[in-house]
Amino acid sequence: MIMLSRKAFVGKALAAGTFPFIPSGCRTLGREKVRLGCVGIGHQAWYDIQQFEKTGLVEIAALCDTDLGGKQSAPALAKYPDAPRFTDFRKMLDAMAGRIDAVA
């Protein structure tokens, strides 16, 4: 049986696009939360962010959207007022290097 750390498991699940379907029983894989950088924070992306957070496996580390002033971005910006904000994902990745484990 192969055991993965929580970070490795969630990182692989995110890469496979299966993360929203992880059962709550998987919380015993480790103690660390995955620091998630969110690219796109309105509409469907906002729903996805909420689902990620419900699992208890992630911490929202940064928010990125090309239209941070749009009404679709307002709920995420209000919920995570202290999260660094970016309008270019490349700048987010550069600035947050070492502080983001995964990107959605």
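Located above this text is the structure these notes cover.
Read on for an overview of the structure.

Our next topic: unusual backbone geometry. Even without being glycine, His43 reaches a positive phi, approximately 55°. What makes His43 exposed here is its relative accessible area of 64%.

Here we come to the environment of Ser73. Within the secondary structure, Ser73 is located in the loop between β2 (58-64) and α3 (74-79). With ten residues separating them along the chain, Ser73 and Leu63 place their C-alpha atoms 9.7 Å apart. Beyond its immediate stretch of four places on either side in the chain, Ser73 contacts Ile41, Asp65, Asp67 and Leu68.

Within the open sheet, the four strands sit side by side as β3-β2-β1-β4. Their pairing is parallel. The outermost strands of the open sheet, each flanked by one partner alone, are β3 (85-86) and β4 (102-103). Pairing between β2 and β3: two bridges, direction parallel. Paired with Leu63 across the strands is Arg85, a residue of β3.

Let us now look at the side chain of Asp65. Structurally, Asp65 is set in the loop between β2 and α3. Within polar-contact distance, the side chain of Asp65 engages the backbone nitrogen of Asp67 at 2.9 Å.

Take Leu93: it is sitting in helix α4 (residues 89-95). In this structure the C-alpha to C-alpha distance between Leu93 and Ala62, which are 31 residues apart in sequence, comes to 9.4 Å.

Moving on to the pattern of salt bridges. Counted by the stated rule, this structure contains three salt bridges. Close ionic contact of Glu53 with Lys79 constitutes a salt bridge, the shortest N to O distance being 2.8 Å. Taken as a pair, Glu53 in helix α2 (residues 44-54) and Lys79 in helix α3 lie far apart in primary sequence, 26 residues in all. On the basis of relative accessible area, Lys79 is assigned to the partly exposed category, the value being 46%. Here Asp88 and Arg90 are joined by a salt bridge, their closest N and O atoms 3.1 Å apart. The class for Asp88 is buried, based on a relative accessible area of 18%.

For the rest of this paragraph, the subject is the packing of aromatic side chains. The geometry of an aromatic ring pair is captured by the separation of the ring centres together with the interplanar angle, meaning the angle of the planes. In the structure shown here, the tally under the stated rule is one aromatic pair. Judged by centre distance (6.4 Å) and plane angle (70°), the rings of Trp46 and Tyr80 are edge-to-face. One end of the pair, Trp46, is in helix α2; the other, Tyr80, is in the loop between α3 and β3, and 34 residues separate them in sequence. Side by side, Trp46 and Tyr80 carry an identical accessibility label, which is buried.

Thresholds, definitions, all that
- Residues numbered from 1 in each chain as written.
- Predicted model: local features only at pLDDT ≥ 70, side-chain atom pairs only at ≥ 80, totals over all residues.
- Heavy atoms only, no water.
- Buried < 20%, exposed > 50% of the residue type's maximum accessible area, 1.4 Å probe, protein only.
- Helix = DSSP H or I, 4+ residues; strand = E, 2+ residues; numbered from the N terminus.
- Contact = heavy atoms within 4.5 Å.
- Pairing = 2+ DSSP bridges.
- Polar contact = N/O pair within 3.5 Å; in protein donor to acceptor, adjacent residues only side chain to side chain.
- Salt bridge = Lys/Arg side-chain N within 4 Å of Asp/Glu carboxyl O.
- Phe/Tyr/Trp six-rings, centres within 6.5 Å; stacked < 30°, edge-to-face > 60°.

Functional significance is not addressed by these values, which are geometric in nature.
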